[in-house]
Each structure stands twice: as C-alpha cells, then as structure tokens.
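Chains, contacts and geometry: an overview
One-letter residues, chain by chain:
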Amino acid sequence: MKIDDLNWQILNHLQHNARESFANIGRKIGLTPPAVAERVKKMEDLGIIEHYGTDISYVEAGYQLKAIIMLRAFMGKLKPFLDKVKTFQEVVNCYRITGNENIIMEVVLRDQSHLEKFIDELIVYGECRTHIVLSSVVGNAPIKKSKVGKWPME
C-alpha cells in the first residue's frame, strides 16, 4: 500500500483526534466515509496505524512527579531487568537504547519518597541517572510525511 497524500491527510486528522468520524474526515479531504474507513482499515492491517489511545494528565491522576530515568545495566542484569520493568506500574514508557546507558524510562511518581523507593528497586539492576521533568515542550507530536526523499512505501 502506498501512503499517498490522502492517506497522510487521514493520518494527520487521526493523530490530532483519533475519535474524529470518518464522515467528518471525508468531508475535509474529499472522500466518502466508506473510502476513509477502507483506507484506515488497510493502514491498520499493515501496521502503519498501531493503536489508538487516550492521554491522561499524570497530575490529575494523583502523581506529582514525572521523571526520565536512564539505567546502565550491570553485567548480566539487562535481561532480568527487561522482564522486571514490565511489572513496574510507575513506568509509562521504556526504551532500550544505544550509548552509555541501556535503558531510558519515563515514569510517574506520587512524590519524592516514591521516587526514592523506586530508585532503590532499580539500583539492583544497574546505575541510574534521574531527571525530573519540569514541563513538556513537545509531546506526542504527529508524524508527518518526510520532505526529504520519499516515504519508503511510495
């Protein structure tokens, strides 16, 4: 399937509001609702659209802190950590990365005491570096069509 300009327009609308109706999207881009639905279904089937979600305010959900924690795993501790990290309710995103650290996590915590206890659980697996998030500058920005070269599927 080719990600043509119409598909990019559909993706743009869905990234801004995943609940927008196919009829409304169709009116804006010049397609019928069934045509929009068919394109969306194909993009879902191909894995271009991975999921739909809801953004929740961590503060309103009862958490005072958001932090970025980088972990440099001790020898032999990376694999056990990769299994354990999935059980931590504090972790909202976790990535295995290249560089000096192996892991970067985005976590939400009730308070400083919760952060201290969480770090105590992590230090068994490696050396941690913690950064408190003060504010979000860019968050969940939409993915746009590349201006340089062509999209791999074109």
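Before going into details, it helps to say that this report is about the structure given with it. Since the structure is predicted, the reported quantities are computational estimates derived from the model, not experimental observations. (Residues numbered from 1 in each chain as written. Predicted model: local features only at pLDDT ≥ 70, side-chain atom pairs only at ≥ 80, totals over all residues. Heavy atoms only, no water.)

Quick notes on the sheet that holds strand E3 (residues 103-109)
Spatially, four strands are ordered E2-E3-E1-E4 in an open sheet, and the strand pairing comes out antiparallel. The two strands at the open ends of the sheet, each matched to only one other strand, are strand E2 (91-96) and strand E4 (126-132). On average, each strand axis in the sheet is tilted by 20° relative to the strand beside it, whichever way the strands run. (Pairing = 2+ DSSP bridges. Helix = DSSP H or I, 4+ residues; strand = E, 2+ residues; numbered from the N terminus. Axes fitted to C-alpha atoms, helices over the stretch in contact; angles between N-to-C directions.)

Quick look at the layout of surface pockets
By volume, the largest pocket amounts to about 1,800 Å³. In this structure, the largest pocket is lined by 42 residues; those nearest its centre are His51, Asp55, Gly139, Asn140 and Ala141. Of the residues in the lining of the largest pocket, the class split is 25 nonpolar, twelve polar and five charged. (1 Å grid on protein atoms, 1.4 Å probe; cavity = no way out; pocket = protein on both sides within 12 Å on 5 of 7 lines; lining within 4 Å. Points joined across faces, edges and corners; volume = space filled by probe spheres on them. Nonpolar A, V, L, I, M, F, W, Y, C, P; charged D, E, K, R; others polar.)

Comments concerning the pairing of E3
Burial analysis of E3 places five of its seven residues in the buried class, which makes it a mostly covered element. Where strand E1 (residues 65-73) lies against E3, seven bridges are found, and the strand directions are antiparallel. Bridging across to E3, Met70 finds its partner in Ile104. Here E2 pairs with E3 via five bridges, running antiparallel. What sits directly across from Asn93, in E3, is Glu106. Between E2 and E3, which pair antiparallel and follow one another directly, the connecting turn spans six residues, one of which, Gly99, has a positive phi of 110°. (Buried < 20%, exposed > 50% of the residue type's maximum accessible area, 1.4 Å probe, protein only.)

With respect to the nonpolar core
In this structure, Ile69, Leu71, Phe81, Met105, Val107, Phe118 and Leu122 are the most contacted members of the largest nonpolar core, which totals 19 residues. For this core, the secondary-structure elements that each account for two or more residues are E1, helix H4 (78-84), E3 and helix H5 (112-122). Other than its neighbours up to four places away in sequence, Met105 contacts Ala67, Ile68, Ile69, Phe81, Val85, Val91, Asn93, Cys94 and Leu122. Of all hydrophobic cores here, the second largest spans eleven residues; its members include Trp8, Val36, Val40 and Met43. (Core = buried A, V, L, I, M, F, W, Y, C linked by side-chain atoms within 4.5 Å. Contact = heavy atoms within 4.5 Å.)

As for the packing of aromatic side chains
Throughout the structure, instances matching the rule amount to two aromatic pairs. Ring centres of Phe81 and Tyr125 lie 5.5 Å apart, and the angle between their planes is 65°; on these two criteria the pair is classed as edge-to-face. Here the residue Phe81 occupies a position in helix H4, and Tyr125 occupies one in the loop between H5 and E4, the gap between them amounting to 44 residues. Assessed through its relative accessible area of 0%, Phe81 is described here as buried. For the pair Phe88 and Phe118, a centre-to-centre distance of 5.1 Å together with 80° between the ring planes defines the contact as edge-to-face. (Phe/Tyr/Trp six-rings, centres within 6.5 Å; stacked < 30°, edge-to-face > 60°.)

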